Every structure is written in C-alpha cells, then in structure tokens.
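So the chains spell out like this:
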Amino acid sequence: MFEKLLGNKSELIGILPEVRGKYLENVKLAKYTWFGVGGPAEVLFLPADADDLRTFLLRKPEAVAVTVIGGGSNLLIRDGGIPGVVIKLSEPAFCKMEFNGTEVTVGAGLKNSDMKKELIDHGVGGLEFICSVPGCIGGLLRTNAGCFKKNVSDVFVKAHIMNDWGEIYEVGAEDFNFAYRTSMFPDTWIVLDVTFQGIRSKPEEIKKILEEQANYRKAHQPINKKTAGSTFKNPEGLTAWKLIDEAGCKGLKVGGAEVSDMHCNFLINRGNATAEDIEKLGELIVEKVKEKTAITLEWEVRRMGVKK
Ligand SMILES: Cc1cc2nc3c(=O)[nH]c(=O)nc-3n(C[C@H](O)[C@H](O)[C@H](O)COP(=O)(O)OP(=O)(O)OC[C@H]3O[C@@H](n4cnc5c(N)ncnc54)[C@H](O)[C@@H]3O)c2cc1C
C-alpha cells in the first residue's frame, strides 16, 4: 500500500487524519536543513500541540512512515526526499520554557539559542553551552549534543516523550544509556520537552560565558557556511579532524561540496551542492582515512531519505 502512496502524492494527504495543525505537501526540505540540501517531504506535518500529535499518530494508516526533524543542523537529507510524513514540532505549544528554581523545562521545538534571554533573566547558569549548539531541544537530546567540555547528559534531569501509540511517558537518564553523541533512544519516540538542571549564577556571568563561547565558535568553525557541524565522530582517544587532515583531505571537493579549510571535520555546501555530492565527499574521506590509518570513521551527521 505504501509503495502505491509514494507514486501519487495527493493520495497520501487524502488518507491522513484531520488535525488542528498544518499539513504541507511536497515541501522541499533543503530550506529546513543547515546544509541547504535535501529533496521533498511527501507531507510535512506541523502539529498544533501534543494532543494533536497524538491524534495523528493514533489515526494515521499504519503503513505511513513517520520521520521527526528538529532544527536540521545534524541532517543530510538525500536528494530524493523523505517518503511518508515528516513531523516538525515548531508551533508555539512546543516552544515553551518554564523554570522551577534552577531546573528548566524546555519544549522540544525551541531553538537552543532562544534560551539565552530567559536564562539570563532568571539567573540560571550551567546551561550556556546548550545555547551555542545549533538546532532545537528535541534534536539536542536525541544526539546527546555537547561542547565546551559538557554533554546534554551532564545536565539532563528528565524528558517527556510520546511513543508511536500516542502515549506520553516521563523518562530519566536510566532510560537513555547516554554515550558519546548517542543514546539508547527508540526511533519511535518523539521528544516533547526536556528538563535540565542549571545552577544559580549572576546574569553578567552568564552573558560573559555566552559571549566567550560564541566568539570561540566564530574563530574556529565555519558557522556562517552551509554545514552540519562535525561530520564524523571522534574515534576513542583520537580526533576526527586530525585524521582527516593527515589523510590529506583538507580542501577536497566533490561537485559543490568541499572539506572546510577552517575545520576539516566540517563539510561545506559551496552553494550548489547536492546531497549526493556531500555524501560522496564524506564516503571519500572515510576511504582515504582508512587507507592511511586503518581507522573507519563513523558518521556523526545523520543521513536520511532516499537517493534521487
Ligand atoms: C555550525 C554547527 C556547529 C555544531 N556544533 C555542534 C557541537 O558543538 N556539538 C554537537 O553535539 N553538535 C553540534 N552540531 C550538530 C547539531 O547542531 C546537533 O547535533 C544538534 O543537537 C541537532 O539538533 P537539531 O534540532 O538540529 O536536530 P536535527 O538535525 O533536525 O535532527 C537530529 C536527530 O534528532 C532527531 N530529532 C529531532 N527532533 C526530535 C524530537 N523532537 N524527538 C525525537 N527525535 C528528534 C532527528 O530525527 C535526527 O535523528 C553543530 C552543527 C552545526 C551546523
């Protein structure tokens, strides 16, 4: 049945349940990713709130595949796009922030950088590193993102997730088994919100840390380019960028994609790259590093969707 749906886009939207949020048909996902590449979502669904999301999950035909995206800063979506329904939690109900002392509960759809002002106003520190990671809170937890010597798992208290039956659970660190840039996180779970443990801090101190971290990124990473950050995970005890550099990959190009001169674990879309260019460049790096060092780099960027 699903193969049949793929052939005719209007058929898919016609069999989806009525919702209060928005269905957008055949939306190019390139504009939702930091790489600026990616084919269309057959349907992009923006649920109005958690109830709406539950209605959708319970009533959609079982054969319809569901994929969740956040801020698109860790994604390489292939040129053929994503079949089925892509969900993005960007409506206001998913972008709230609530304080309980130094604990902060943040909606999965909030951009990490949008936490800054509230953290300063409430004098809650220890979470500045989160604000510097591109993307949104749901993706942050899913990827166990980290920087400046901290990982999300270090400040994680609990999260609310929805499973594919529309049931909401509160989950703690013991449910995730966090590891470097990953966790035991079932693909069917959708993060609704996350609670972090901050510390009492002075607003001027928080501002200072935020500024230092932003300056560090500007100086060391091509943050104003079309990129998805570190492409490969650091192998244990080693750094991926050094291995890539030593294998002579700095400046390497495939079509419109190139290895950044500034940070060679970052791949850049020079403006006209396809997802295929970027993926081929990544695979070429894996090959060259393996040839030189016998180490197989593992992708940190998540590749999704189908080839054209
Ligand atoms: C310039 C730049 C610098 C970066 N620096 C860092 C860094 O210092 N440290 C670091 O760790 N990462 C870094 N990244 C990578 C990226 O920002 C992080 O991995 C980020 O946490 C991804 O969040 P996102 O919302 O963009 O998720 P997406 O890229 O949209 O998705 C990532 C994964 O999360 C899943 N997901 C998203 N939302 C949800 C949800 N609500 N429920 C369930 N699953 C969900 C997706 O299905 C996908 O598997 C950088 C990226 C860029 C472009």
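The structure presented is a predicted model; accordingly, all values stated were derived computationally and were not measured.

Procedures and definitions
Residues numbered from 1 in each chain as written. Predicted model: local features only at pLDDT ≥ 70, side-chain atom pairs only at ≥ 80, totals over all residues. Heavy atoms only, no water. Pairing = 2+ DSSP bridges. Helix = DSSP H or I, 4+ residues; strand = E, 2+ residues; numbered from the N terminus. Axes fitted to C-alpha atoms, helices over the stretch in contact; angles between N-to-C directions. Near = heavy atom within 4 Å. Polar contact = N/O pair within 3.5 Å; in protein donor to acceptor, adjacent residues only side chain to side chain. Nonpolar A, V, L, I, M, F, W, Y, C, P; charged D, E, K, R; others polar. Domains from an automatic or database assignment. Core = buried A, V, L, I, M, F, W, Y, C linked by side-chain atoms within 4.5 Å. Buried < 20%, exposed > 50% of the residue type's maximum accessible area, 1.4 Å probe, protein only. Contact = heavy atoms within 4.5 Å.

### Let's talk about the sheet that holds strand β5 (residues 82-88)
Strand order across the open sheet formed by four strands is β1-β2-β5-β3, with mixed pairing between neighbours. Among the strands making up the open sheet, the edge pair consists of β1 (22-28) and β3 (66-69). Taking each pair of neighbouring strands and ignoring which way they run, the sheet shows an average axis angle of 30 degrees. For strand β2 (residues 40-46) and β5, the ladder comprises four bridges, and the chain directions are parallel. Paired with V43 across the two strands is V85, which belongs to β5.

### Focus on the site of the ligand
Taken together, 35 residues lie near the ligand, and V68, G70, G71, S73 and G146 sit nearest. Take G70: an N or O atom from its main chain is 2.7 Å from an oxygen atom of the ligand. Elements with a minimum of two residues in the shell around the ligand: β3, α6 (137-142), β9 (146-147), β13 (190-197) and β18 (302-304). At four residues, the largest contribution of residues to the shell around the ligand is made by α6. When the residues that make up the shell around the ligand are grouped by side-chain class, the tally is 18 nonpolar, 13 polar and four charged. Lining the shell around the ligand are residues from two domains, each supplying at least three of them: domain 1 (2-92) and domain 2 (95-220).

### Re the nonpolar core
Soluble globular proteins tend to bury their nonpolar side chains together. Grouped together as the largest cluster of nonpolar side chains are 50 residues, with contacts concentrated most on L53, M115, I130, I137, L141 and F196. With five residues, the single largest contributor to this core is β13. Mapping this core onto the domain boundaries places at least three of its residues in each of domain 1 (2-92) and domain 2 (95-220). Beyond its immediate stretch of four places on either side in the chain, L53 contacts F45, P47, I87, L89, M162, I190 and L192. If you look at the next biggest cluster of nonpolar residues, it comprises 26 residues, including F232, A275, I278 and L281.

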